[in-house]
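Listed below are the residues making up each chain.
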Amino acid sequence: MLYAIIAQDVENSLQNRLIARPKHLERLSALQDQGRLILAGPHPSIDSEEPGEAGFSGSLVVAEFDSLEEAKAWADADPYVAHGIYANVVVKPFKKVFPK
């Protein structure tokens, strides 16, 4: 089943994001290599794909897991959690309707 992992950053998270990003991307690449990643990316803090020093306000990952518990465990092990970047993370089932 698909799950949405919706994370909200702490204030001024950009520097810590840059430090933890390689390990964060490594985990997402592993999901992609397994054919389980639907989409992933950050939410820019401003209306721009390249927000510069404004940074990001959070992230969204939609991926396939065997259970809600597995999705939560994966999200809890993210380097952005370990580095204190995420203020909170919500994991919930997701039903993809479009695109087909």
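Rules and cut-offs
Residues numbered from 1 in each chain as written. Predicted model: local features only at pLDDT ≥ 70, side-chain atom pairs only at ≥ 80, totals over all residues. Heavy atoms only, no water. Salt bridge = Lys/Arg side-chain N within 4 Å of Asp/Glu carboxyl O. Helix = DSSP H or I, 4+ residues; strand = E, 2+ residues; numbered from the N terminus. Polar contact = N/O pair within 3.5 Å; in protein donor to acceptor, adjacent residues only side chain to side chain. Contact = heavy atoms within 4.5 Å.

Enquirer: I would appreciate a short explanation of the pattern of salt bridges in the present structure.
Expert: Side chains that carry opposite charge are capable of pairing whenever their charged atoms lie near each other. Inspection of the entire model under this criterion finds three salt bridges. Arginine 17 serves as the salt-bridge partner of aspartate 9, at 2.7 Å between the closest nitrogen and oxygen. Between arginine 36 and glutamate 70 there is a salt bridge, with the nearest N and O atoms lying 3.1 Å from each other. Of this pair, arginine 36 sits in the loop between helix 1 (14-33) and strand 2 (37-44) while glutamate 70 sits in helix 2 (residues 68-76), and the two are 34 residues apart along the sequence.

Enquirer: What's the story with the side chain of aspartate 78 in this structure? I'm lost.
Expert: Residue position: aspartate 78 is located in the loop between helix 2 and helix 3 (79-82). A polar atom in the side chain of aspartate 78 sits 2.7 Å from the backbone nitrogen of tyrosine 80. Ignoring any residue separated from it by four or fewer positions in sequence, one finds aspartate 78 in contact with His24, Arg27 and Tyr86.

Don't take any of this as a statement about function, it's just geometry.
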